[in-house]
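Fold and geometry: a report
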2 protein chains.
Amino acid sequence: MTTRREQTSGESRELILGAAAALFAEKGYRQTTFADVAERSGISRGSIPWHFGSKEGLLLAVLERSVEVVRTGLPEEADLDVLTVGLEGLFAQPTTKLFVTLLVEALEPGSPIHDRYAAIHEALREQCRRWLARFPLPAGLPVDALAVALIGAGIGIHQQWLVAPDKVDMTGALAAVRFLVAGAVSEG
Amino acid sequence: MTTRREQTSGESRELILGAAAALFAEKGYRQTTFADVAERSGISRGSIPWHFGSKEGLLLAVLERSVEVVRTGLPEEADLDVLTVGLEGLFAQPTTKLFVTLLVEALEPGSPIHDRYAAIHEALREQCRRWLARFPLPAGLPVDALAVALIGAGIGIHQQWLVAPDKVDMTGALAAVRFLVAGAVSEG
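A quick note: this is a predicted structure, and the numbers were derived from the prediction, not measured.

1. Quick look at the domain arrangement of chain A
Residue and element names in this part refer to chain A. Per the domain assignment, the segments of chain A are domain 1 (1-53) and domain 2 (60-184). Centre-to-centre, using C-alpha coordinates, domain 1 lies 26 Å away from domain 2. Contacts between the two partners involve ten residues from domain 1 and, on the opposite side, seven residues from domain 2. Residues Glu14 and Arg65 are paired through a salt bridge, measuring 2.9 Å at the closest nitrogen-oxygen approach. Joining domain 1 to domain 2, the criterion identifies one residue pair in polar contact (both at pLDDT 80 or more). Ranked by residue count, the leading element in the side of domain 1 that touches domain 2 is helix α1 (residues 4-27), at eight residues. Considering only residue class, the side of domain 1 that touches domain 2 consists of seven nonpolar, one polar and two charged.

Rendered as structure tokens:
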């Protein structure tokens, strides 16, 4: 049973996350302060560290929520075309850029956010493996390896597009991945 | 004709770059100072900003040199197996991690290093396009799009492995990409 207090706490958390995601996208992560998030969300400034610890913790929670939205938003039985269009929409969202912001922090020796960042990558691979499980894969193409390769292609295409949106054709690159996958898996 | 002065300047530059690459890999980029680089290279501390401007400029030059090493080190007529093994060796080099360090900086609005970072991505894609040019590609798989997808897969596999070296099988993931490419292009 959820008590009234827990419910309110959960609601505050959601309001803070929504405001932070919008502000990070609009102003950038570095330029956004707890005071900005408090003003936008209507939640007192002091509550934010109570919920999320640090600004880094807040950013991680925003990322974890976007991964959850992706995981629940893409139907597991989606075909390749639906997936490709879904990914393209996802990549164009300003919050997706935040994945890159934390990567460098996650790679610092002894980083406090490393394990949660690794868990986000693992959640994406797990989603990919579940999607691939419907298809008979050819011998020589293990599902674990293919999932790393496909999530990798997504990460790397997104980053090239972020760096040079005018030069990198994201739609074309995702279509190329779609082509390669379609050639290897036999659609049920 | 190269004058004696230019030659010496070029030699100093190389000594600084070699020392910086080793130190960035050993101590990390943030922990390395110009004084460390001067000591290791035997070049006076004051020469370093003269050659490279800032520490960021030094890091960029280190990255540009590693890309050049990759470009010249991989034979253009290499087959898929040679390429896969070459990439794996490259990814395991400590300097390769430095690509990630600068990505976040390159994505800041108005970043002074953005254009050089974009040029590194473009050089990798160009190398890939040249490699692909030998093969007749199937209709529906344009070489530009495939190059973005393959360089993307390389970037994204490398990053997943950096984040979780014990969980991500880099060799297997590269073999999966190799499998997908071999299925799509007909080796000459």
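2. Section: the nonpolar core
Residues Leu58 of chain A together with Leu58 of chain B are the most contacted members of the largest nonpolar core, which totals 139 residues. Ignoring any residue separated from it by four or fewer positions in sequence, one finds Leu58 of chain B in contact with Ile16, Leu17, Ala20, Phe24, Phe34, Val37, Ile48 and Phe52 of chain B.

3. Here we look at the UniProt feature "domain: HTH tetR-type" (unreviewed entry) in chain A
Residues given the UniProt feature "domain: HTH tetR-type" (unreviewed entry) here are residues 10-70 of chain A. The span residues 10-70 of chain A is 79% helical and 0% strand by assignment, and the distance between its end C-alpha atoms comes to 20 Å.

4. As for the interface of chain B and chain A
Each side of the interface is counted separately: chain B has 41 residues, and chain A has 41 residues. Taken together, both faces of the contact between chain B and chain A bury some 3700 Å²; the carbon and sulfur share is 71%. Of all residues in chain B, the largest losses of buried area upon contact with chain A belong to Gln160, Val163 and Leu180 of chain B, amounting jointly to 19% of the total for that side. Taken together, the links from chain B to chain A amount to zero salt bridges.

Cut-offs used in this document
- Residues numbered from 1 in each chain as written.
- Chains lettered and ligands numbered in written order.
- Predicted model: local features only at pLDDT ≥ 70, side-chain atom pairs only at ≥ 80, totals over all residues.
- Heavy atoms only, no water.
- Domains from an automatic or database assignment.
- Contact = heavy atoms within 4.5 Å.
- Salt bridge = Lys/Arg side-chain N within 4 Å of Asp/Glu carboxyl O.
- Polar contact = N/O pair within 3.5 Å; in protein donor to acceptor, adjacent residues only side chain to side chain.
- Helix = DSSP H or I, 4+ residues; strand = E, 2+ residues; numbered from the N terminus.
- Nonpolar A, V, L, I, M, F, W, Y, C, P; charged D, E, K, R; others polar.
- Core = buried A, V, L, I, M, F, W, Y, C linked by side-chain atoms within 4.5 Å.
- Buried < 20%, exposed > 50% of the residue type's maximum accessible area, 1.4 Å probe, protein only.
- UniProt positions renumbered as here; feature names shortened; annotations may be inferred.
- Buried area = accessible area lost by both parts, 1.4 Å probe.

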